[in-house]
Amino acid sequence: MNFYSTKNRGLKVSFREALMKGMPDDNGLYMPEKIPDHRSLIKGIEKLNFQDISFVLAKSFLNNNFSNEEIEEIIDKSITFDSPLVNIIDNINILELFHGPTLAFKDFGARFMARTMEKVVAYENQELNILVATSGDTGSAVANGFYNIEGINVIILYPSNKVSIIQEKQLTTLDKNIYALEIKGTFDDCQKLVKQAFIDKNLKSKINVSSANSINIARLIPQSFYYFNAYSQLNSNKSIVVSVPSGNFGNITAGIMAKHMGLPIFRFIASTNANNTVPQFFSSGKYKPQSSVATISNAMDVGNPSNLNRIMDIYNNIDALKNDLECWSFSDLETINTIVETLGNNNYLLDPHSAVGLLGLRKYMGKNKNIEGIFLGTAHPAKFSDFIEKEINQKINIPNRLKKIIDKEKKSTLLNNNYPEFSDYLLSNFK
Ligand SMILES: *Cc1c(COP(=O)(O)O)cnc(C)c1O
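(A) Here's a closer look at the overall build of the protein chain. Counting secondary structure elements, the protein chain contains 18 helices and 14 strands. At 21 Å, the protein chain has a C-alpha radius of gyration in line with the 22 Å of a compact globule built from 431 residues. Restricting to contacts in the protein chain with at least 6 residues of sequence separation, those with at least 24 account for 75%. Each charge class in the protein chain was averaged separately, 46 positive and 44 negative side chains, and the resulting centres sit 3 Å apart.

Written as structure tokens, this is what we have:
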């Protein structure tokens with residue numbers, strides 16, 4: 001499979017090039033030149049396990065660059081935890097995507113990208129230094145995905161005192177090839193430092209720097225695997241509707257791709273928080289990017305979602321898209337009420353992001369009966385325990401994998417928000 005740029009379909013590159021470059025030079029986004037047809041996978045899918053399904057799907061995207069044995073190894077090392085479909089009540093099900101090391105769905109994409117990059121780096125026999133600016137969640141998934149991978153260092157920049165205690169521990173306790181830089185500044189300052197490094201010719205002539213951007217196609221591909229895995233766990237003749245809590249719209253893009261591969265999903269719902277750029281676009285027909293506003297589902301605080309261009313690339317026009325996708329925005333108050341009610345009525349504790357997903361599904365079901373509903377559980381509630389415990393007046397059980405991290409010692413380097421200081425650090429520590 002080759003990949004083109006959404007800004008120029010004539011410009012095609014291999015998976016390997018799309019993976020290592022992240023973004024084409026024309027600032028478009030990489031897309032598969034043809035969405036592979038996997039209709040033959042559907043019949044009998046209930047007999048396949050998650051890894052079997054993932055292998056078949058991954059092969060159709062990676063086969064030009066990797067052998068079957070290599071693809072098997074990538075799947076073996078990245079798809080190492082399950083995505084169970086859990087019934088909440090009647091025809092409402094949650095697809096739990098938070099059983100990975102950092103307790104959020106971003107583990108799937110980050111781990112798959114890390115294992116594909118590992119193979120390329122081993123082949124090229126050179127050291128790679130990945131720079132990541134993070135406001136919390138992306139950084140920890142990337143750090144974990146690349147942990148202990150030969151030939152690749154990850155340098156994470158995070159704003160000092162501006163991430164939660166759990167998030168900071170997730171970023172600073174890994175050690176080995178993971179380096180945490182605590183920047184005296186904001187997330188935007190961290191991002192500026194990273195951007196400056198990428199255009200610094202002197203630095204780039206001395207050390208090999210790369211990114212692990214969230215728009216990398218290698219993060220999107222594995223996210224389509226769990227939609228198929230959800231279907232394999234469902235025993236229903238009804239039309240399937242999937243609600244996806246959305247920020248940068250990567251997760252829902254992967255779902256829409258799965259549908260176009262042949263997965264029988266009747267309709268998607270993109271559920272957003274107060275950052276309602278896409279719902280506004282759907283109702284007005286005009287796309288107006290906004291500055292992001294802070295909400296309790298903060299991993300979805302995105303005012304200009306990049307993956308919308310990928311969705312528009314799949315559909316010829318907005319009317320065709322509206323046939324497949326509904327898009328609604330929900331407030332923090334609605335989100336809190338949903339968390340409290342779902343715990344009280346169904347004895348299930350949601351995190352704020354997943355709660356936004358359930359809100360979208362319920363709104364759809366209010367008008368459309370006789371469907372089977374799935375919403376994506378994108379994070380474990382324990383990640384947001386400070387906030388949720390106050391709302392529900394009870395303690396949350398912390399999973400063991402998180403408890404272990406909390407007891408570990410933080411290791412980070414404190415730097416001023418100053419480019420020369422950052423580049424000196426890079427030049428004296430890496431090659
Ligand atoms: C990143 C994130 C989202 C949003 O996913 P997108 O692919 O950016 O739409 C939702 N929930 C959680 C917990 C996240 O970390």
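(B) Expanded view of the side chain of serine 297. Within the element layout of this structure, serine 297 appears in the loop between α11 (277-284) and α12 (308-314). Note on serine 297: relative accessible area 1%, which makes it buried. A distance of 3.0 Å separates the side chain of serine 297 from the side chain of asparagine 273, its partner in a polar contact. Contacts of serine 297, omitting those with residues within four sequence positions, involve Asn273, Pro352, His353 and Val356.

(C) Representation of the nonpolar core in the model. Counting 91 residues, the largest nonpolar core has Phe3, Phe146, Tyr227 and Phe228 as its most contacted members. Broken down by element, this core gets its largest block of residues, nine residues, from helix α9 (residues 217-232). Ignoring sequence-local partners within four residues, the contact set of phenylalanine 228 consists of His38, Leu41, Ile42, Ile45, Ile53, Leu57, Ala258, Met261 and Leu263. Listed in part, the 32 residues of the second largest apolar core include Ala104, Leu343, Val356 and Leu402.

(D) Examining the pattern of salt bridges more closely. The final tally for this structure, using the stated rule, is 15 salt bridges. Glutamate 118 serves as the salt-bridge partner of arginine 115, at 2.9 Å between the closest nitrogen and oxygen. Highlighted residues: arginine 115 and glutamate 118, both in helix α4 (residues 106-124), separated by three residues, approximately one helical turn. Accessibility assignment for this pair places arginine 115 and glutamate 118 in one class, buried.

(E) Local environment of the site of the ligand. In the neighbourhood of the ligand, 15 residues make up the surrounding shell, with Lys106, Gly247, Asn248, Phe249 and Thr378 lying closest. Within the backbone of asparagine 248, one N or O atom sits 2.8 Å away from an oxygen atom of the ligand. At 2.9 Å, a backbone N or O of asparagine 251 approaches an oxygen atom of the ligand. Of the residues assigned to the shell around the ligand, the class counts are six nonpolar, seven polar and two charged.

(F) Expanded view of the environment of isoleucine 269. For isoleucine 269, the location among the structural elements is in strand β11 (residues 267-272). Look at isoleucine 269 and you get buried, because its relative accessible area is 0%. In contact with isoleucine 269, not counting residues within four places along its chain, are Val241, Val242, Ser243, Val244, Ile252, Leu325, Glu326, Trp328, Gly360, Leu361 and Tyr364.

(G) Molecular detail of the packing of aromatic side chains. A full pass over the atoms with the stated rule returns 13 aromatic pairs. Members of the aromatic cluster, connected to one another through ring pairs, are Phe50, Phe81, Phe108, Tyr226, Tyr227 and Phe268.

Rules behind the numbers
- Residues numbered from 1 in each chain as written.
- Predicted model: local features only at pLDDT ≥ 70, side-chain atom pairs only at ≥ 80, totals over all residues.
- Heavy atoms only, no water.
- Helix = DSSP H or I, 4+ residues; strand = E, 2+ residues; numbered from the N terminus.
- Rg over C-alpha atoms; globule rule 2.2 N^0.38 Å.
- Contact = heavy atoms within 4.5 Å.
- Lys, Arg positive; Asp, Glu negative; His and termini not counted.
- Charge placed at Lys NZ, Arg CZ, Asp CG, Glu CD.
- Buried < 20%, exposed > 50% of the residue type's maximum accessible area, 1.4 Å probe, protein only.
- Polar contact = N/O pair within 3.5 Å; in protein donor to acceptor, adjacent residues only side chain to side chain.
- Core = buried A, V, L, I, M, F, W, Y, C linked by side-chain atoms within 4.5 Å.
- Salt bridge = Lys/Arg side-chain N within 4 Å of Asp/Glu carboxyl O.
- Near = heavy atom within 4 Å.
- Nonpolar A, V, L, I, M, F, W, Y, C, P; charged D, E, K, R; others polar.
- Phe/Tyr/Trp six-rings, centres within 6.5 Å; stacked < 30°, edge-to-face > 60°.

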